Amino acid sequence: MTIKKHIPNLITLLNLLCGTIAVIFAVQGSLIMAAIFVAAGIFFDFFDGLAARSLNVAGELGLQLDSLADVVTSGVVPGIVMYQLLDNALPGNSGVENTGWEVSPGWWDWNFNTLALIGLLISLASAYRLAKFNVDDRQTDSFIGVPTPANALLILSFPLILTFQPDSFITGLILNEWFLIALTFLSCYLLNAEIKLFALKFSNWGLADNKLRYFFLLLCLVLILVFQFVAVPLIILSYVLLSVVFPKKEAV
């Protein structure tokens, strides 16, 4: 094999590396660092497919490896982050840091809030969505259900909002256990819902064929400039709504 064939897979492995580092930070409760590495992983996830198409080396191995990397970066990490948010929001916050197995009073002891494990449903739904994507030939030019990277950015935006844009109303909403539980189930549903969403892949740069895409990108820019991190949930919501309102004109 030539070196060229390995380039996209190496980029995918960088996605996986970022995801595994993000897992470590998320488990430790360093959610901002987890968000940074997830964003880096999603960046590599975008370019591995682009590299495969540009080099004309796309293949089944790359497809499977890409999904395996996404399970970690865009599946496991947001699940852990949701667990951490629920652990802070639910009554009986464990407040226990991981001090190592050697100081545990017993290997059978659970020193965490078991109800917060609801957040890990996002990881399960993400894995199911990625497996379905690999065998669904309808998703070549569009998506059926919210893509896992978009869902990961949605979940990871909440620690960023809490840290950099503190507001009594927004903080109270994000750290409300019922809001987080509802968001978890909504996230799981949207990942696997039979909702056709337009892809941001440009087959050409013409305005006539890409009106919705250009409008969405402009909307994203405006929302980010105005709302900063709060823009992320608004962008995901806009993405779904635009796809539903304009299902035939652009989502092909």
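The chain is annotated in an unreviewed UniProt entry as CDP-diacylglycerol---serine O-phosphatidyltransferase from Salegentibacter holothuriorum. The record held by UniProt for the chain lists under Sequence similarities (unreviewed entry) the comment "Belongs to the CDP-alcohol phosphatidyltransferase class-I family."

Caption draft 1: Examining the overall build of the chain more closely. Across its full length, the chain holds nine helices and two strands. Each helix (α) and strand (β) of the chain, taken in turn from the N terminus, gives the series α-α-α-α-β-α-α-α-β-α-α. For the chain, with 252 residues in total, the buried portion stands at 43%. Long-range contacts, defined here as pairs at least 24 residues apart, represent 76% of the contacts in the chain between residues at least 6 apart.

Caption draft 2: Inspection of the packing of aromatic side chains at higher detail. Evaluated as defined, the whole model comprises nine aromatic pairs. For the ring pair F158 and F179, a centre distance of 6.1 Å and an interplane angle of 90° mean the geometry is edge-to-face. With F158 in helix α5 (residues 148-164) and F179 in helix α7 (residues 177-192), the pair connects residues that are 21 residues apart, well separated along the chain. Taking the relative accessible area as the measure of exposure, F158 reaches 6% and is therefore buried. Among the aromatic side chains, those forming a connected cluster through ring pairs are F43, F44, F46 and F47.

Caption draft 3: Structural detail: α5. Look at α5: 24 Å from first C-alpha to last across 17 residues, which is about the 24 Å you get at 1.5 Å a residue. Residue S157 marks the point of greatest curvature in α5, where the axis turns by about 25°; the proline P159 follows within four residues.

Caption draft 4: Summary view of the packing of helix α1 (residues 3-28) against helix α3 (residues 60-89). At a minimum axis distance of 9 Å, the contact between α1 and α3 shows a crossing angle of 15°. By the angle between their directions, the pair α1 and α3 is classed as roughly parallel. α3 is crossed by α1, and the crossing has left-handed handedness. The class makeup of the residues in the contact of α1 with α3 is 15 nonpolar, eight polar and two charged.

Caption draft 5: Quick look at unusual backbone geometry. Phi is positive for Q228, close to 55°, though the residue is something other than glycine. Inspection of the secondary structure assignment puts Q228 in the loop between α8 (211-227) and α9 (231-245). Take Q228: its relative accessible area is 48%, and that puts it in the partly exposed class.

Cut-offs applied
- In this numbering scheme, every chain counts its residues from 1 along its sequence in written order.
- Two thresholds apply to this predicted model, a pLDDT of at least 70 for residue-level local features and 80 or more for giving and counting side-chain atom pairs, whereas whole-chain, interface and lining totals are computed over all residues.
- For the side-chain quantities, the full set of heavy atoms in the structure was used; hydrogens and water were omitted.
- UniProt positions are given in the numbering used here, feature names are shortened, and annotations may be inferred rather than shown by experiment.
- The secondary structure listing takes helices from DSSP runs of H or I that are at least 4 residues long and strands from runs of E that are at least 2 residues long, numbered from the N terminus.
- Three labels apply to residues, based on accessible area from a 1.4 Å probe with only protein chains included: buried if under 20% of the type maximum, exposed if over 50%, partly exposed otherwise in between.
- Every residue pair with non-hydrogen atoms within 4.5 Å of one another is taken to be in contact.
- Any two of the Phe, Tyr and Trp rings considered here, Trp counted by its six-membered ring, make a pair once their centres fall within 6.5 Å; the pair's planes then place it as stacked at under 30 degrees, edge-to-face at over 60, or tilted in between.
- Multiply 1.5 Å by the residue count of a helix minus one, and that product is the helix's expected span.
- What we call the bend at a residue is the angle made by axes fitted to the seven residues finishing there and the seven residues starting there.
- Angles here are taken between N-to-C directions and fall from 0 to 180 degrees, while the axes themselves are lines fitted to C-alpha atoms, restricted in helices to the stretch in contact.
- Here the word oblique covers every angle except those under 35 degrees (roughly parallel), over 145 (roughly antiparallel) and from 65 to 115 (roughly perpendicular).
- Helix crossings are classified by the rotation of the near helix relative to the far one: an anticlockwise turn of less than a right angle makes the crossing left-handed, while a clockwise turn makes it right-handed.
- For this classification, Asp, Glu, Lys and Arg are treated as charged, while Ala, Val, Leu, Ile, Met, Phe, Trp, Tyr, Cys and Pro are nonpolar and the rest, including Gly, are polar.

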